[in-house]
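Coordinate analysis (summary)
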Amino acid sequence: MLSRKKFWLAVGLSALFFGVVAGLAPLMGSSSIEMARALAGESPDHEILFYARIPRVILAALAGGALAMSGVIFQALLRDALATPFTLGVQSGAALGAVVSICFGWRSFGGLPAVWVTAFAGAAVTIAVVVSIAAEGRRMSSFTLLLTGVTINSICMAAILFLHYTAGFTQSFAIVRWLMGGIESRDYTTLVGLSLLTVIALIVAIAKANDFNVLAVGEEWAATRGVNLSSLMLLAYLLGSLLTASVTAFTGPIGFIGLLIPHALRIVVGADHRVLIPTSFFVGAGFLIVCDTLARTVMAPAEIPVGVITALLGGPFFIWLLRSRRRSLWV
Amino acid sequence: MTIYRVEDLRFRFGDAEILRGISLEFQSAQMAAVVGPNGAGKSTLMSVLSGFRDDYEGRCTFREVEIRQWKKRDLGRQLTFIPQMIRLEFPFTAGQVVFMGRTPYCHGLFESEEDREAVRKAMEITETTAFAHREFRELSGGERQRVVLAGALAQEPKVLLLDEPTTFLDLKHQISTYSLLQRLAREGIAIIAVTHDLNLAATYADRIVVMSQGSIAADGKPEKILTPSMLKDVFEVDADIRQSPEGQPWVFCQSPDGYLPETSTESFPPAPLPAAPPKC
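Residues numbered from 1 in each chain as written. Chains lettered and ligands numbered in written order. Predicted model: local features only at pLDDT ≥ 70, side-chain atom pairs only at ≥ 80, totals over all residues.

Here we look at the overall build of chain B
Assigned secondary structure in chain B consists of nine helices and 12 strands. Taken over the C-alpha trace, chain B has a radius of gyration of 20 Å; the compact-globule value for 280 residues is 19 Å, and the two agree within 12%. Along the three orthogonal principal directions, the C-alpha set of chain B runs to about 65 × 45 × 35 Å. Taking the contacts inside chain B whose residues are at least 6 apart along the sequence as the reference set, 64% of them involve residues at least 24 apart. (Helix = DSSP H or I, 4+ residues; strand = E, 2+ residues; numbered from the N terminus. Rg over C-alpha atoms; globule rule 2.2 N^0.38 Å. Contact = placed C-beta atoms within 7 Å.)

Here it is, written out as structure tokens:
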């Protein structure tokens with residue numbers, strides 16, 4: 001049912017959208033720069049372009065792509081259209097880690113900012129706990145995954161509330177700011193690491209797309225159609241969680257992308273994961289670049305938290321899409 | 001040829017014992033109907049046979065190898081399972097659902113010419129070609145069931161397991177589904193179908209397995225198995241067994257006020273039936 005032509009057309013168009021957006025976004029900003037001066041290495045245009053805008057666009061692209069892909073994976077895994085990258089507690093584990101760092105005033109671990117390290121550690125602990133509880137006994141099922149994830153989520157949120165309550169004024173502000181999420185410029189080494197992880201995850205997810213299709217229908221359905229259910233579910237959970245964890249450690253929680261992008265694309269390209277996963281990645285990446293560009297330019301020099309933009313921009317568009325196209329354009 | 005050998009199969013959910021020591025065999029080129037009251041363990045037996053539940057006790061071998069030791073991809077080329085119903089959360093088209101039957105054969109991302117041919121044939125047999133591009137969720141219950149059956153056929157299985165395959169089908173498609181299953185059995189496939197319709201089972205199945213409270217209550221040819229005493233013991237209904245013109249047994253259930261005519265065994269079916277006779 002999927003011809004190569006359709007596949008490449010859909011992936012090509014979404015990659016084109018991403019390419020155009022990623023090419024234009026670094027040219028926009030609160031201070032105007034001259035391209036010739038920036039490329040010639042003249043200050044401050046060079047620094048603004050290469051150390052402020054481009055790294056930020058790259059981080060936005062990786063975060064948007066990873067969150068959209070992670071949303072697709074969790075929705076297939078839980079067979080729940082409302083699942084998001086945050087449903088299974090990874091994000092609140094990361095948040096708890098970050099809040100612990102802020103509250104105890106930790107600055108850095110081994111040269112890395114402490115907030116990243118503890119956020120990632122928090123997410124990793126959550127993943128390990130959820131897997132060990134959900135995979136115990138008979139076999140992994142989406143029901144136990146969901147219950148365990150949601151419970152861990154509540155426990156972490158309670159711990160965050162408690163820490164926030166005991167925190168001082170400055171720390172309290174830092175906590176709120178982190179929990180709002182946001183994209184900032186990062187050094188290139190970090191970005192290379194994050195891109196490697198995201199691209200590997202993308203390749204693995206596309207390679208498993210046929211298996212995700214049967215998993216999205218049902219567990220017994222998948223198990224009798226050539227899929228090793230337990231290992232596929234574990235892979236899906238780890239893939240989605242790692243993507244979410246690594247992005248969240250750098251950006252804090254950015255909502256709505258993991259829900260909006262996969263659903264919007266299902267309406268346009270259909271439910272087949274072979275097309276849905278790569279297009280979600282590119283469109284998610286492009287969408288978050290657009291949102292972040294708006295976040296840093298609309299009220300410049302002040303910045304709007306990017307999560308506010310994703311919801312304000314994406315929400316109405318999504319409702320329009322739902323109302324105007326009940327059926328897939330792509331069959 | 002013996003496909004399944006089940007010996008002293010037990011299964012529990014927590015403290016509840018769902019299967020209590022079942023022993024039986026299933027052959028290829030045979031259509032077996034599994035019947036029994038609600039909670040008898042029919043669906044659990046099916047999910048052990050399908051390889052989905054592998055935490056059973058006792059033995060269940062498929063082609064001489066314990067079923068839990070089969071690699072799922074190999075198993076997927078041998079058997080398939082059609083669930084009672086599937087609820088789709090996502091907008092897959094009917095054609096995409098049929099193509100899922102080819103998953104165990106997939107090499108790489110795209111379907112091969114062979115896959116397309118298998119799907120085309122399966123959709124033709126089940127008369128579903130017309131809905132290929134329609135969204136699965138928008139189809140009626142009966143159309144969905146035929147699409148799911150097409151997917152199972154596209155999988156080219158040697159064993160077809162079905163859990164109540166005709167629940168949502170109209171009369172014509174009930175009959176055509178069962179005739180198709182019968183034809184597949186003649187071609188060498190082992191069919192094992194859970195059903196509540198004893199008369200369809202008696203008409204089309206070579207063998208009826210009656211389950212009750214996690215055990216086998218009776219097992220054999222329909223004419224031997226379907227007796228008033230079995231129906232009384234297992235299903236707790238008063239019933240009469242007549243013969244269809246073709247000589248197959250036909251179950252008439254007695255409603256509490258008893259619509260069954262006292263005499264005349266020659267007319268079939270007894271006319272007129274009340275508006276909604278209780279279904280066995």
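Remarks on the domain arrangement of chain B
Residue and element names in this part refer to chain B. The assigned domain composition of chain B is domain 1 (1–78 + 157–231) and domain 2 (89–156). Each of domain 1 and domain 2 was reduced to a C-alpha centroid, and the two centroids are 24 Å apart. Taken together, the contacts link 12 residues of domain 1 with 12 residues of domain 2. Looking at the side of domain 1 that touches domain 2, the elements with two or more residues in it are helix H2 (72–76) and helix H6 (171–186). At three residues, H6 tops the list of elements feeding residues into the side of domain 1 that touches domain 2. Counted by class, the side of domain 1 that touches domain 2 contains six nonpolar, three polar and three charged residues. (Domains from an automatic or database assignment. Nonpolar A, V, L, I, M, F, W, Y, C, P; charged D, E, K, R; others polar.)

Things to note about the pairing of strand E6 (residues 79–82) of chain B
All names here are of chain B. Burial of E6 is two-sided: the residues Leu79 and Phe81 facing one way and the residues Thr80 and Ile82 facing the other way are all buried. Examined bridge by bridge, E6 and strand E7 (residues 159–163) share four bridges and lie parallel to one another. The residue bridging Thr80 from the neighbouring strand is Leu160, located in E7. (Buried ≥ 20, exposed ≤ 12 C-beta atoms within 10 Å, placed from the backbone. Pairing = 2+ DSSP bridges.)

Remarks on the nonpolar core
Residues Ala63 and Met69 of chain A together with Val34, Val98, Leu161 and Ile191 of chain B are the most contacted members of the largest nonpolar core, which totals 176 residues. Sequence-distant contacts of Met69 of chain A, defined by excluding residues within four places in its chain, comprise Ala201, Leu202, Ala205, Leu243, Ile277, Ser280, Phe281 and Gly284 of chain A. (Core = buried A, V, L, I, M, F, W, Y, C linked by C-beta atoms within 7 Å.)

Details of the sheet that holds strand E10 (residues 215–220) of chain B
Residue and element names in this part refer to chain B. As summarised here, the arrangement of the six strands in space is E6-E7-E8-E3-E9-E10, forming an open sheet in which the pairing is mixed. Edge positions in the open sheet fall to E6 and E10, since each of these has one partner strand only. For this sheet, the mean inter-axis angle between neighbouring strands, taken without regard to orientation, is 15 degrees. Across four bridges, the pairing between strand E3 (residues 31–35) and strand E8 (residues 190–194) is parallel. Within the sheet, the bridge partner assigned to Ala33 lies in E8 and is Ala193. (Axes fitted to C-alpha atoms, helices over the stretch in contact; angles between N-to-C directions.)

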